[in-house]
Amino acid sequence: MNFESQNMIKADVLVIGSGISGLSYAIKISEKMPDAKIIIVTKADEDESNTKYAQGGLSVVTDFNKDSFQKHIDDTMRAGDGENNLEVVKMVIEEGPDRFKELVDWGTNFDQKDGDFKLGREGGHTENRIVHHKDITGAEIERALLATIEKSENIEMMAHHYVIDLITQHHIPEKKFDLSKIDCYGAYVLSEKDKKIKKITAKITLVATGGAGHVYKNTTNPVIATGDGIAFVHRARGKISNMQYYQFHPTALFS
């Protein structure tokens with residue numbers, strides 16, 4: 001492919017996806033590396049993601065007088081019928097309070113009463129441990145993260161840009177393409193506005209594109225959840241795993 005010079009963009013970090021994963025990663029990199037140039041690419045509006053539509057809240061141990069990490073781990077393993085990776089479950093639950101504090105520090109408002117977080121209980125939990133913002137928790141988290149991004153001078157948001165392919169050795173003639181060791185150098189993206197393809201090079205590329213709900217007949221996912229991130233990682237010979245585990249909200253299956 002041939003590109004005009006104005007369509008060549010250099011970054012230190014390229015983040016693909018503007019949900020909670022991509023935005024929180026960009027913020028952390030921005031805080032630790034204020035001189036790094038970070039670009040976030042998303043194919044729709046900057047706030048359009050699965051994160052925005054998550055309602056109920058986050059499960060996290062905050063009341064250690066009544067609750068514990070072990071209770072939360074046991075509940076999670078039971079709900080997953082033992083299929084869960086125990087080490088991952090432990091890591092997520094034990095790091096949960098710190099990750100929750102980050103969201104609060106970034107300005108996310110969670111419902112409180114008398115100075116304490118209001119805790120709900122949802123299916124599979126034996127204790128009240130769901131922190132929430134009304135019934136629009138995901139939208140509130142997305143709002144707070146985007147507000148933090150806007151204050152970060154070294155983060156650029158490129159909305160309405162669709163990733164075509166990741167850049168690997170096979171795009172670079174002088175690089176030997178070894179399937180056992182593939183490096184990523186960025187991505188080719190298509191601008192919805194001017195229909196031009198742009199080449200974004202980066203030292204680090206994070207794919208945080210969410211799921212693929214709309215490849216199925218029934219889903220509550222927004223229309224952007226089409227699995228294209230999974231597809232372009234697969235085309236680049238990246239590792240894809242756990243594809244058999246797709247979550248369906250029961251209302252999507254109701255007729």
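Residues numbered from 1 in each chain as written. Predicted model: local features only at pLDDT ≥ 70, side-chain atom pairs only at ≥ 80, totals over all residues. Heavy atoms only, no water.

Caption draft 1: Representation of the overall build of the protein within the structure. Scanning the protein for helices and strands turns up six helices and 10 strands. Taken against the 2.2 N^0.38 rule, which gives 18 Å for 255 residues, the C-alpha radius of gyration of the protein at 20 Å falls within 12% of a compact globule. The buried share of the protein, reckoned over its 255 residues, is 37%. Contacts spanning at least 24 positions in sequence make up 66% of the contacts within the protein whose residues lie at least 6 apart. A total accessible area of about 15300 Å² is found for the protein, and carbon and sulfur atoms account for 51% of it. Of the side-chain charges in the protein, 32 are positive and 38 negative, and the distance between the mean point of each set is 4 Å. (Helix = DSSP H or I, 4+ residues; strand = E, 2+ residues; numbered from the N terminus. Rg over C-alpha atoms; globule rule 2.2 N^0.38 Å. Buried < 20%, exposed > 50% of the residue type's maximum accessible area, 1.4 Å probe, protein only. Contact = heavy atoms within 4.5 Å. Areas by Shrake-Rupley, 256 points an atom, 1.4 Å probe, with all protein chains shown as cover. Lys, Arg positive; Asp, Glu negative; His and termini not counted. Charge placed at Lys NZ, Arg CZ, Asp CG, Glu CD.)

Caption draft 2: Representation of the packing of helix 3 (residues 69-79) against helix 4 (residues 86-105) within the structure. Following both chains from N to C, one finds helix 3 and helix 4 inclined at 135 degrees, their axes separated by 10 Å at the closest point. By the angle class used here, helix 3 and helix 4 are oblique. In this structure, helix 3 meets helix 4 at a crossing whose hand is right-handed. In contact with F69, H72, I73, T76 and M77 of helix 3, helix 4 contributes L86, V89, K90, I93, E94 and P97. For the contact of helix 3 with helix 4, the class distribution of residues is seven nonpolar, two polar and two charged. (Axes fitted to C-alpha atoms, helices over the stretch in contact; angles between N-to-C directions. Parallel < 35°, antiparallel > 145°, perpendicular 65-115°, else oblique. Left-handed = near helix turned anticlockwise from the far one by under 90°. Nonpolar A, V, L, I, M, F, W, Y, C, P; charged D, E, K, R; others polar.)

Caption draft 3: View of the packing of aromatic side chains. In total, this model carries four aromatic pairs according to the counting rule given. Ring centres of F64 and F69 lie 5.3 Å apart, and the angle between their planes is 90 degrees; this geometry places the pair in the edge-to-face category. For F64, a relative accessible area of 49% gives the class partly exposed. Ring plane angle 85 degrees and centroid distance 6.5 Å describe the contact between F110 and F117, whose orientation is recorded as edge-to-face. Residue classification places F110 among the buried residues on the basis of a relative accessible area of 6%. A network of ring pairs unites the aromatic residues F100, F110 and F117 as a single cluster. (Phe/Tyr/Trp six-rings, centres within 6.5 Å; stacked < 30°, edge-to-face > 60°.)

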